[in-house]
Amino acid sequence: VVAIGFTGSRSAFLTLIVFLLLLWQRSGKKVASGLLIVAALLGGLYVLPGDYQQRFATILDDSINQSATESADSRVTHLKWGLKLYQLKPILGWGPGTSPLIVQDIIGYEEMIQLHSLCGQTLAELGTFGALAFIVVVVRCFRTKKRSLAKLSQLSVGDKLIHEIPIACGNTLWLLKRA
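Residues numbered from 1 in each chain as written. Predicted model: local features only at pLDDT ≥ 70, side-chain atom pairs only at ≥ 80, totals over all residues. Heavy atoms only, no water.

A. Up close: the environment of Phe-13. Mapped onto the elements, Phe-13 comes out in helix H2 (residues 10-26). Sequence-distant contacts of Phe-13, that is, excluding residues within four places in its chain, are made with Ile-4, Leu-41, Leu-45, Phe-56 and Ile-59. (Helix = DSSP H or I, 4+ residues; strand = E, 2+ residues; numbered from the N terminus. Contact = heavy atoms within 4.5 Å.)

B. Local environment of the side chain of Glu-125. With respect to the element layout, Glu-125 can be found in helix H7 (residues 118-154). Look at Glu-125: it is buried, it has no salt bridge, and the nearest opposite charge is Lys-89 at 13 Å. Looking at Glu-125, its side chain comes within polar contact range of the main-chain nitrogen of Gly-97, at 2.9 Å. Side chain to side chain, Glu-125 and Ser-99 meet in a polar contact 2.8 Å long. Residues contacting Glu-125, with those up to four places away along its chain left out, are Leu-92, Gly-93, Trp-94, Gly-95, Pro-96, Gly-97, Thr-98, Ser-99 and Gln-114. (Buried < 20%, exposed > 50% of the residue type's maximum accessible area, 1.4 Å probe, protein only. Lys, Arg positive; Asp, Glu negative; His and termini not counted. Salt bridge = Lys/Arg side-chain N within 4 Å of Asp/Glu carboxyl O. Polar contact = N/O pair within 3.5 Å; in protein donor to acceptor, adjacent residues only side chain to side chain.)

C. Spotlight on the packing of H2 against helix H3 (residues 30-47). Between H2 and H3, whose axes approach to 9 Å, the crossing angle comes to 165 degrees. Looking at the two axes, H2 sits roughly antiparallel to H3. Read as a crossing pair, H2 and H3 show a hand that is right-handed. In contact with Phe-13, Leu-16, Ile-17, Leu-20, Trp-24, Gln-25 and Arg-26 of H2, H3 contributes Lys-30, Ser-33, Gly-34, Ile-37, Leu-41 and Leu-45. Tallied by class, residues from the contact of H2 with H3 come to eight nonpolar, three polar and two charged. (Axes fitted to C-alpha atoms, helices over the stretch in contact; angles between N-to-C directions. Parallel < 35°, antiparallel > 145°, perpendicular 65-115°, else oblique. Left-handed = near helix turned anticlockwise from the far one by under 90°. Nonpolar A, V, L, I, M, F, W, Y, C, P; charged D, E, K, R; others polar.)

D. Molecular detail of the packing of aromatic side chains. Per the counting criterion, the structure on display carries one aromatic pair. Judged by centre distance (5.3 Å) and plane angle (55 degrees), the rings of Trp-81 and Tyr-109 are tilted. Residue Trp-81 is found in helix H5 (residues 66-88), and its partner Tyr-109 is found in the loop between helix H6 (99-107) and H7; the two are separated by 28 residues along the sequence. Lying over the aromatic face of Trp-24, Lys-30 brings its terminal NZ or CZ to 5.3 Å of the ring centre. In this structure, Lys-89 is placed above the aromatic ring of Trp-94, and the distance from its NZ or CZ to the ring centre is 4.5 Å. (Phe/Tyr/Trp six-rings, centres within 6.5 Å; stacked < 30°, edge-to-face > 60°. Lys NZ or Arg CZ within 6 Å of the ring centre and 35° of its normal.)

In short, the description is geometric, and any link to function would need to be established separately.
Below is the structure:
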């Protein structure tokens, strides 16, 4: 949570909100936990420096900060660049970590920058085979979570924490995939 505040990552902030909503949904005390979540989010935003507060406010109104709008527009541009690079080498891609070089050499951008798009960068660097391997890893994580939950439900463990750990891990992976 502190890292989200220090980095100003709006997508991580939205992911945190979704995660807290999932926790709230599972909680038995909806009103109390809902108030606690809202108070924590508002309190956290209040203690942030003004420029970070403004950055997070652009989630709702992008006219507040021009650089935030440019950042969002650049993500679309980076996705397009990633798809263009993927079309040039669709099978194996350009290789892991090569996007700064290929953006400069192939796209013709003057600076060496990472593609700020997970989908675009994954496809450009890893190609179809690498992207499929990545998907297999994510699917395996979800299947492992499902099997772990099934095995834990058969145990007569009084401590609910041991049953909730795989759920939390699986939900975290799901949220990371979305971020």
